[in-house]
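# Working through the structure, step by step
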Amino acid sequence: MRKKLVAGNWKMHGNLAENNKLLDAVVAGVSGLRDASVAVCVPYPYIPSVQVKLSDTNVSWGGQNVSQYDKGAYTGEVSTTMLKDFCCTYVIVGHSERRTIFNENNKIVAEKYVAAQNAGLIPILCVGETLEQREAGTTEQIIEEQINAVVSLAGVDSLSKAVVAYEPIWAIGTGKTASPQQAQEVHAFIRKGIAAQNASVAENLTIQYGGSVKANNAAELFAMPDIDGGLIGGASLISGDFITICHALQN
Ligand code: 13P
């Protein structure tokens, strides 16, 4: 059975006091969960304190972005080995906010994915279409290009050490969730494309859904056969909501 994962993406939110309060509640709220993984991807400066808080709990942690370069004169960048120094398990690569606001293209995202894996981090590779692309009927083509960029550089087998997150851009932070059927359709498309190259990698790949996942819609999304959890933005900052979403994995 493939692994299910709920990961919180805090984005640029939080402070030491709030983070501690949130994590105390989350750790207590998910301590009884079995067969499901929970993680939080937090802003860089908080990774050391989050590590202290979450060590010896069943919640993992990770970064929201990472440099594709190992080291060097890259002012402001953070390397994969730096994330590893603080025992990150995951790192998000190719989030749509990185792609659109910070101009990361498929090539850069693929390089980040490879760098993450080389350091022993599990990349959470985000893919997804804009509303215009959906309306133009090019969703599958866009997703295929985003996945193919990674597969061409790293090989299809690399997906056995990665997580894919389908995040339709029109659903991120808008309160407009993809319907379970809409999301399932794209998840199945992703899995089928990978299965054509390696059936067992496809079968075992965790594919999360992200985009306005809330406490009141998580269960119906996670009930779909190809949706293996979620990447949660806004609702991951509200302990009760995030805990409810984590528990929805087991229903
Ligand atoms: P929201 O859950 O706030 O829509 O954000 C989703 C997201 O971008 C997670 O990476």
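Up top is the structure these notes are about.
Residues numbered from 1 in each chain as written. Predicted model: local features only at pLDDT ≥ 70, side-chain atom pairs only at ≥ 80, totals over all residues. Heavy atoms only, no water.

### Examining helix 11 (residues 239-247)
Within the sequence span of helix 11, burial applies to Phe242, Ile243, Ile245 and Cys246. Buried residues of helix 11 fall within an arc of 160° about the axis and therefore sit on the same side. (Buried < 20%, exposed > 50% of the residue type's maximum accessible area, 1.4 Å probe, protein only. Helix = DSSP H or I, 4+ residues; strand = E, 2+ residues; numbered from the N terminus. Arc of directions from axis to C-beta.)

### Brief notes about the side chain of Asp228
Position of Asp228 relative to the elements: it lies in the loop between helix 10 (218-222) and strand 8 (229-232). Reaching out from Asp228, the side chain makes a polar contact with the side chain of Arg191 at a distance of 2.8 Å. Within the local environment of Asp228, its side chain forms a polar contact with the backbone nitrogen of Ile207, the two atoms lying 2.8 Å apart. Setting aside chain neighbours within four positions, we find Asp228 in contact with Arg2, Lys3, Lys4, Leu5, Arg191, Leu205, Thr206 and Ile207. (Polar contact = N/O pair within 3.5 Å; in protein donor to acceptor, adjacent residues only side chain to side chain. Contact = heavy atoms within 4.5 Å.)

### Some points on the layout of surface pockets
As a volume, the largest pocket reaches approximately 460 Å³. If you trace the largest pocket, you find 19 residues lining it, with Lys11, Met12, Gln64, Arg98 and Phe102 closest to the centre. Per-element tally for the lining of the largest pocket: the top contributor is helix 4 (residues 96-101), with 3 residues. Tallied by class, residues from the lining of the largest pocket come to 9 nonpolar, 6 polar and 4 charged. Computed from the structure, the second largest pocket encloses a volume of approximately 250 Å³. (1 Å grid on protein atoms, 1.4 Å probe; cavity = no way out; pocket = protein on both sides within 12 Å on 5 of 7 lines; lining within 4 Å. Points joined across faces, edges and corners; volume = space filled by probe spheres on them. Nonpolar A, V, L, I, M, F, W, Y, C, P; charged D, E, K, R; others polar.)

### Some thoughts on the site of the ligand
The immediate surroundings of the ligand are formed by Asn9, Lys11, His95, Glu167, Ala171, Ile172, Gly173, Gly211, Ser212, Leu231, Gly233 and Gly234. Here an oxygen atom of the ligand sits 2.8 Å away from a polar atom, N or O, in the side chain of Lys11. Within the contact set of the ligand, an oxygen atom lies 2.6 Å away from a backbone nitrogen or oxygen of Gly173. Across the complex, the protein chains shield 97% of the 310 Å² of accessible surface that the ligand would expose by itself. In this structure the site holding the ligand corresponds to the second largest pocket. In terms of residue class, the shell around the ligand is built from 3 nonpolar, 7 polar and 2 charged. (Near = heavy atom within 4 Å. Areas by Shrake-Rupley, 256 points an atom, 1.4 Å probe, with all protein chains shown as cover. Sits in = over half its atoms within 2 Å of the grid points.)

### So, a negative patch on the surface
A surface patch of negative charge is lined by Glu140, Glu144, Glu145 and Glu185. For the negative patch, the element with the most residues is helix 7 (residues 139-154), which contributes 3 residues. Examined against the element boundaries, Glu140 turns out to sit in helix 7. In this structure Glu140 comes out as partly exposed when scored by relative accessible area, which is 46%. (Patch = residues over 30% accessible without salt bridge, like charges linked within 9 Å, V, L, I, M, F, W, Y side chains within 5 Å. Salt bridge = Lys/Arg side-chain N within 4 Å of Asp/Glu carboxyl O. Lys, Arg positive; Asp, Glu negative; His and termini not counted. Charge placed at Lys NZ, Arg CZ, Asp CG, Glu CD.)

### Quick look at the pairing of strand 7 (residues 206-210)
Burial analysis of strand 7 places 5 of its 5 residues in the buried class, the great majority of the element. Because side chains alternate across strand 7, one face comprises the buried residues Thr206, Gln208 and Gly210, and the other comprises Ile207 and Tyr209, equally buried. Alignment of strand 6 (residues 163-166) against strand 7, held across 4 bridges, turns out to be parallel. Bridge pairing links Val163 to Thr206 in strand 7. In this structure, strand 7 lies alongside strand 8, joined through 2 bridges in parallel fashion. For Tyr209, the partnering residue across the bridge sits in strand 8 and is Gly230. (Pairing = 2+ DSSP bridges.)

### Considerations on empty space enclosed by the protein
Considering all chains together, one arrives at 1 cavity of 30 Å³ or more under this definition. Approximately 40 Å³ is the volume attributed to the largest cavity. Every residue lining the largest cavity is listed: Gly94, His95, Ser96, Arg99, Cys126, Val127, Gly128, Gln146, Glu167 and Ile169. Of the residues assigned to the lining of the largest cavity, the class counts are 3 nonpolar, 5 polar and 2 charged.

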